[in-house]
2 protein chains.
Amino acid sequence: MPTPVFVPVGSQATVKALTPDDLKALGITVVMANTYHLYLRPGIEVIEEGGGLHRFMAWPGALMTDSGGYQIFSLARLRRLNDQGVTFRSHIDGSQHLITPELAIQFQESLGADIIMVLDECPPHTETLKGVEEATERTHRWAERCLEAKTRRDQALFAIVQGGLFPELRRKSARFLSALGFSGYAIGGLSLGEPGALTNDMVTEVVALLPEGKPRHLMGVGSPEDIVAGVSRGIDIFDSALPTQVARKGALFTRQGRFNIRNSGYRRKEGPFDPDCGCYTCRNFSAAYLHHLFRSQELLAYRLATIHNLYFMTDLMRMIREAILSGSFSSFRDDFLAHYRPTDDEVRRAQRERWLSAQSRKGTGRE
Amino acid sequence: MPTPVFVPVGSQATVKALTPDDLKALGITVVMANTYHLYLRPGIEVIEEGGGLHRFMAWPGALMTDSGGYQIFSLARLRRLNDQGVTFRSHIDGSQHLITPELAIQFQESLGADIIMVLDECPPHTETLKGVEEATERTHRWAERCLEAKTRRDQALFAIVQGGLFPELRRKSARFLSALGFSGYAIGGLSLGEPGALTNDMVTEVVALLPEGKPRHLMGVGSPEDIVAGVSRGIDIFDSALPTQVARKGALFTRQGRFNIRNSGYRRKEGPFDPDCGCYTCRNFSAAYLHHLFRSQELLAYRLATIHNLYFMTDLMRMIREAILSGSFSSFRDDFLAHYRPTDDEVRRAQRERWLSAQSRKGTGRE
């Protein structure tokens, strides 16, 4: 797959509201599914019997699976954690489960994605130095066990660098995991509500210590401005639910920033939402029609908005790759950031908190 | 358009969960939108300014609009009715509105569908003889005024035969409206919870009296078995929300009857839901995957199920047309009805009542 790449999230074996055909038409090359969600529903064995995850979701492109670490620490209830693994209760039905590093690998081998991830411990970003240090060390021991447990040779296993917002711990984690020799390196535990400048500092610290020539994956990022900044810092892979999740709330990307199609100013707008956009939605429907679909809570609204935002992301990544190849990335970045008005940190933190609390109430999981 | 034809309902200018491209791929030739819904939201003038309904919803095929009579009498609140027209409160925001036969035509001329309908009064099927008689006579006077009010020559205006479950009133209505010379004749006020045998009797009474050579439209029908029966009785056009509405509950058609994909028997079914079906859903996804999408309340579930049911309907209509052309319709019908196990009247009535009461609570309208 060409990188830098944006990877949409399809936690429950579907990128919400889209078919595989839609994804292909959008130029999506990789989708990220989630072991935690699929383990709880429909169950790993259902997907394995059905011929693996590619076949189950009829997706011929590349697939990644997250180990479920992040979801266990953000969605599941009554966690008990020790060196063996983590015991938790399902956010769906309260049933109790144990996941160990070995099981996380076994499940992901059964699912059969092209890229799989180690099981990691994700402390909240408000955790103390001592708490984060313990979590990071456990993540390291688990990473060794995941490497040991792996049996399939046709899957790439990525490590996950942790260390919270402590530069020293981040450096320690990057060094430790680099020495183990993984196929790729993810950076976890960021973009969880901390200020964007801090995210960027941590990424810079880590990337400097990761091996050259191995893919670097910034987990849970995200917004167009963060992706452009991440590419500047040497990141190759970004996965995030953000573009699809905000689409379903009516928030649509443009080169100038994010605008909400539900706003009454769109009620009578006859032309497309973004006249500069070449997506299926903007080529075929007026802003007034999209506005009407959202106001009427019509299912088509979610699909058309998701198509628009994912088109924006694949188009952005294409421009980034072209700029890199032609040696003009830094001017592309400066131009992009000069025109793009980011949704500010405060709004983003509030959104994330509302969403997380809605998820745990509904029990429907992260994307 | 080739007839007999099934017309899916897209009340709010969208067949729920599908794009116009999906509809074309399914072989859908006509869609039925609703004047009542579109008048309340987004407003007739928004669609008119946007270039009319075809362009607003980006649908290049044929369009029908219902006048809104049925919706005013089933969804709106606090109706006051006199010969001038009907005053009602919006089911969305409680605002008060008056619709007259002349306004119903004016609105439908602004929307610009290919086939438009007269404003009719739809009493409940439990109404007394005297009540139904008055409603039918008012429907007749309104039909005359609609014909008078019509100015566009590029739209076909259909009358709506009423008369409840009273054969004498049905005959009177058919005779009266036939004499006025409409472009087509709809039969309204049926399939509203009465036993299927009674529906069929009323259709037989009416069709015998309608002019030869003009299309006959049975409104709100419906199920595969009722459509096959309706074709036997000389009906050309059927519109109904049923195939799309039950799809979103997981109820999928087969030649043997309707089965619910949510049932636990499908949890591990690796093959397609219906191995004999050629739809996009059955060609690409397992029953287990569809079951998983429904259980996980994933948006894709509604789209894939809708595609399956509409494919079933267009395929059924194609077989009906071929059987008619080859002179074998009655053996096709007998064979179809011998294998198809209909959902019984009791279940259907209960479903309709649950749905109607859910609609008035939610205020989201009939499809």
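Because the structure is predicted, anything quoted here is derived from the model rather than measured.

**Here's the deal with the overall build of chain A**
Here is step 1 of the chain: Along its length, chain A carries 16 helices and 13 strands.
Here is step 2 of the chain: Taken over the C-alpha trace, chain A has a radius of gyration of 20 Å; the compact-globule value for 367 residues is 21 Å, and the two agree within 12%.
Here is step 3 of the chain: For chain A, the spread of C-alpha atoms along the principal axes amounts to about 60 × 45 × 35 Å.
Here is step 4 of the chain: When the 367 residues of chain A are sorted by exposure, 50% land in the buried category.
Here is step 5 of the chain: When contacts within chain A are restricted to residue pairs at least 6 apart in sequence, long-range pairs at least 24 apart make up 69% of them.

**Looking at the interface of chain A and chain B**
Here is step 1 of the chain: Taken together, the contact pairs 33 residues of chain A with 33 residues of chain B.
Here is step 2 of the chain: Secondary-structure elements contributing two or more residues to the side of chain A that touches chain B are helix H3 (44-49), helix H13 (287-295) and helix H14 (299-325) of chain A.
Here is step 3 of the chain: If you tally residues by element for the side of chain A that touches chain B, the top one is H13(A), at five residues.
Here is step 4 of the chain: Per-class residue counts for the side of chain A that touches chain B are 15 nonpolar, 10 polar and eight charged.

**A word on the relation of the copies chain A and chain B**
Superposition of the two copies of the chain requires a rotation about an axis together with a shift along that axis.
Here is step 1 of the chain: The transformation that overlays chain A on chain B combines an axial shift of 0.0 Å with a rotation of 180°, and the residual RMSD is 0.0 Å. Taken together, the rotation and translation describe the operation of a two-fold axis. Of every C-alpha in chain A, the one belonging to Leu299(A) sits nearest the axis of rotation, 3.8 Å from it.
Here is step 2 of the chain: An overlap of 100% is found between the interface residues of chain A and their copies at the interface of chain B, pointing to a shared contact surface.

**A look at the domain arrangement of chain A**
Residue and element names in this part refer to chain A.
Here is step 1 of the chain: Domain assignment breaks chain A into domain 1 (5-241) and domain 2 (247-347).
Here is step 2 of the chain: Its C-alpha centre places domain 1 at a distance of 27 Å from the equivalent point of domain 2.
Here is step 3 of the chain: Counting from both sides, the interface comprises 18 residues of domain 1 and, opposite them, 19 residues of domain 2.
Here is step 4 of the chain: Those elements giving two or more residues to the side of domain 1 that touches domain 2 turn out to be strand E1 (5-8) and helix H10 (224-232).
Here is step 5 of the chain: The leading source of residues in the side of domain 1 that touches domain 2 is H10, at five residues.
Here is step 6 of the chain: For the side of domain 1 that touches domain 2, the residue count by class is 11 nonpolar, four polar and three charged.

**Quick look at the packing of helix H13 (residues 287-295) of chain B against helix H14 (residues 299-325) of chain B**
All names here are of chain B.
Here is step 1 of the chain: Relative orientation of the contacting elements H13 and H14 amounts to 130°, with a least axis distance of 7 Å. Viewed along their axes, H13 and H14 adopt a mutual orientation that is oblique. Considering only the axes of H13 and H14, their crossing is left-handed. Residue-level inspection shows Leu 290, Leu 293 and Phe 294 of H13 in contact with H14, the latter providing Leu 300, Ala 301 and Leu 304.
Here is step 2 of the chain: Class assignment of the residues belonging to the contact of H13 with H14 gives a composition of six nonpolar, no polar and no charged.

**Regarding the packing of helix H8 (residues 167-180) of chain A against helix H9 (residues 196-207) of chain A**
All names here are of chain A.
Here is step 1 of the chain: Following both chains from N to C, one finds H8 and H9 inclined at 35°, their axes separated by 8 Å at the closest point. As for how H8 packs across H9, the hand of that crossing is right-handed. Seen from H8, the contacting residues are Pro 167, Arg 170, Arg 171 and Ala 174; seen from H9, they are Met 202, Glu 205 and Val 206.
Here is step 2 of the chain: Looking at the contact of H8 with H9 residue by residue, the classes come out as four nonpolar, no polar and three charged.

**Notes on the nonpolar core**
Here is step 1 of the chain: Residues Val31(A), Ala159(A), Leu290(A), Val31(B), Ala159(B) and Leu290(B) are the most contacted members of the largest nonpolar core, which totals 216 residues.
Here is step 2 of the chain: Those residues in contact with Ala159(A) that sit more than four places away from it in its chain are Val118(A), Ala143(A), Leu177(A), Leu180(A), Phe182(A), Tyr185(A) and Ala186(A).

**A look at helix H9 (residues 196-207) of chain B**
Residue and element names in this part refer to chain B.
Here is step 1 of the chain: Spanning 12 residues, H9 covers 17 Å between terminal C-alpha atoms, matching the ideal 16 Å at 1.5 Å per step.
Here is step 2 of the chain: Residues Thr 199, Met 202, Val 203, Glu 205 and Val 206 constitute the buried set of H9. Axial view of H9: buried residues confined to an arc of 160°, hence all on one face.
Here is step 3 of the chain: Where H9 is buried, its residues meet strand E8 (156-161), helix H8 (167-180), strand E9 (184-187), strand E10 (216-219) and helix H10 (224-232).

**Concerning the sheet that holds strand E4 (residues 77-81) of chain A**
Residue and element names in this part refer to chain A.
Here is step 1 of the chain: Taken together, the three strands give an open sheet; going across it, the order is E4-E5-E6, and neighbouring strands pair in antiparallel fashion. Of all the strands in the sheet, the pair left with one neighbour each is E4 and strand E6 (96-99). Across this sheet, the average inter-strand angle for adjacent strands is 20°, counted without regard to direction.
Here is step 2 of the chain: Strand direction decides the pairing type here: strand E5 (residues 86-89) and E6, joined by four bridges, are antiparallel. Looking across to E6, one finds that Arg 89 is bridged to Gln 96.

**Focus: H14(B)**
Here is step 1 of the chain: Here H14(B) contains 27 residues, and its C-alpha end-to-end distance of 40 Å stays within 8% of the 39 Å for a straight helix at 1.5 Å per residue.
Here is step 2 of the chain: The positive-phi residue at the C-terminal boundary of H14(B) is Gly327(B), with phi of around 70°.

**Observations regarding the sheet that holds strand E7 (residues 115-117) of chain A**
Residues and elements named next belong to chain A.
Here is step 1 of the chain: If you walk across this open sheet you meet the eight strands as E1-E11-E10-E9-E8-E7-E3-E2, and the pairing is parallel. Single-partner strands in this sheet number two, and they are E1 and strand E2 (30-34). In this sheet, neighbouring strand axes are inclined to one another by 25° on average, regardless of whether the strands run parallel or antiparallel.
Here is step 2 of the chain: Sheet topology note: the strand E3 (residues 62-66)/E7 ladder contains two bridges and is parallel.

**Overview of the environment of Thr29(A)**
Here is step 1 of the chain: Tracing the sequence through the fold places Thr29(A) in the loop between helix H1 (20-25) and E2.
Here is step 2 of the chain: Residue class for Thr29(A) comes out partly exposed when judged on the 17 C-beta atoms lying within 10 Å of it.

**Some points on the environment of Ser191(A)**
Residue and element names in this part refer to chain A.
Here is step 1 of the chain: Mapped onto the elements of the fold, Ser 191 is located in the loop between strand E9 (184-187) and H9.
Here is step 2 of the chain: Between the C-alpha atoms of Ser 191 and Val 221, which are 30 residues apart in sequence, the distance is 6.6 Å.
Here is step 3 of the chain: Once residues lying within four places of it in the same chain are set aside, the contact partners of Ser 191 are Thr 199, Gly 220, Val 221, Gly 222 and Asp 226.

**Focus on the pairing of E9(B)**
Residues and elements named next belong to chain B.
Here is step 1 of the chain: With four bridges joining them, E8 and E9 adopt parallel strand pairing. If you follow Phe 158 over to E9, its bridge partner there is Gly 184.
Here is step 2 of the chain: Pairing analysis gives three bridges linking E9 to E10, with the strands arranged parallel. By the bridge assignment, Tyr 185 is partnered in E10 with Arg 216.
Here is step 3 of the chain: Viewed along the sheet, the connection from E9 through H9 into E10 turns out right-handed.

**Section: the confidence of the model for chain A**
Here is step 1 of the chain: Looking at chain A as a whole, its pLDDT mean stands at 94, while 94% of the residues score no less than 70.
Here is step 2 of the chain: At the level of chain-chain contacts, confidence expressed as ipTM amounts to 0.94, with global pTM at 0.94.

**Side note on the environment of Val15(A)**
All names here are of chain A.
Here is step 1 of the chain: For Val 15, the location among the structural elements is in the loop between E1 and H1.
Here is step 2 of the chain: For Val 15 and Thr 306, which are 291 residues apart along the polypeptide, the C-alpha to C-alpha distance reads 9.3 Å.
Here is step 3 of the chain: Excluding residues that lie within four positions of it along the chain, Val 15 makes contacts with Pro 8, Gly 10, Leu 23, Val 31 and Thr 244.

**With respect to unusual backbone geometry**
Here is step 1 of the chain: In the segment running from Val221(A) into Gly222(A), the intervening peptide bond is cis, with an omega of -20°.
Here is step 2 of the chain: Within the secondary structure, Gly222(A) sits in the loop between strand E10 (216-219) and H10.
Here is step 3 of the chain: Of note, the amide linkage connecting Arg41(B) to Pro42(B) takes the cis form, showing an omega dihedral of 10°.
Here is step 4 of the chain: For Ala17(B), which is not glycine, the phi torsion reads 80° and is therefore positive.
Here is step 5 of the chain: Along the polypeptide, Ala17(B) turns up in the loop between strand E1 (5-8) and helix H1 (20-25).
Here is step 6 of the chain: According to the C-beta neighbour criterion, Ala17(B) is buried, with 24 such atoms within 10 Å.
Here is step 7 of the chain: Even without glycine at this site, Ala58(B) takes up a positive phi of about 55°.
Here is step 8 of the chain: Within the element layout of this structure, Ala58(B) appears in the loop between helix H4 (53-56) and strand E3 (62-66).
Here is step 9 of the chain: Residue Ala58(B) is classed as partly exposed on the basis of its C-beta count, with 16 C-beta atoms lying within 10 Å.

Rules and cut-offs
Residues numbered from 1 in each chain as written. Chains lettered and ligands numbered in written order. Predicted model: local features only at pLDDT ≥ 70, side-chain atom pairs only at ≥ 80, totals over all residues. Helix = DSSP H or I, 4+ residues; strand = E, 2+ residues; numbered from the N terminus. Rg over C-alpha atoms; globule rule 2.2 N^0.38 Å. Buried ≥ 20, exposed ≤ 12 C-beta atoms within 10 Å, placed from the backbone. Contact = placed C-beta atoms within 7 Å. Nonpolar A, V, L, I, M, F, W, Y, C, P; charged D, E, K, R; others polar. Least-squares fit on C-alpha atoms with pLDDT ≥ 70 in both. Domains from an automatic or database assignment. Axes fitted to C-alpha atoms, helices over the stretch in contact; angles between N-to-C directions. Parallel < 35°, antiparallel > 145°, perpendicular 65-115°, else oblique. Left-handed = near helix turned anticlockwise from the far one by under 90°. Core = buried A, V, L, I, M, F, W, Y, C linked by C-beta atoms within 7 Å. Expected span 1.5 Å × (residues − 1). Arc of directions from axis to C-beta. Pairing = 2+ DSSP bridges. Right-handed = clockwise from strand over helix to strand, strands pointing away. pLDDT = per-residue confidence, 0-100.

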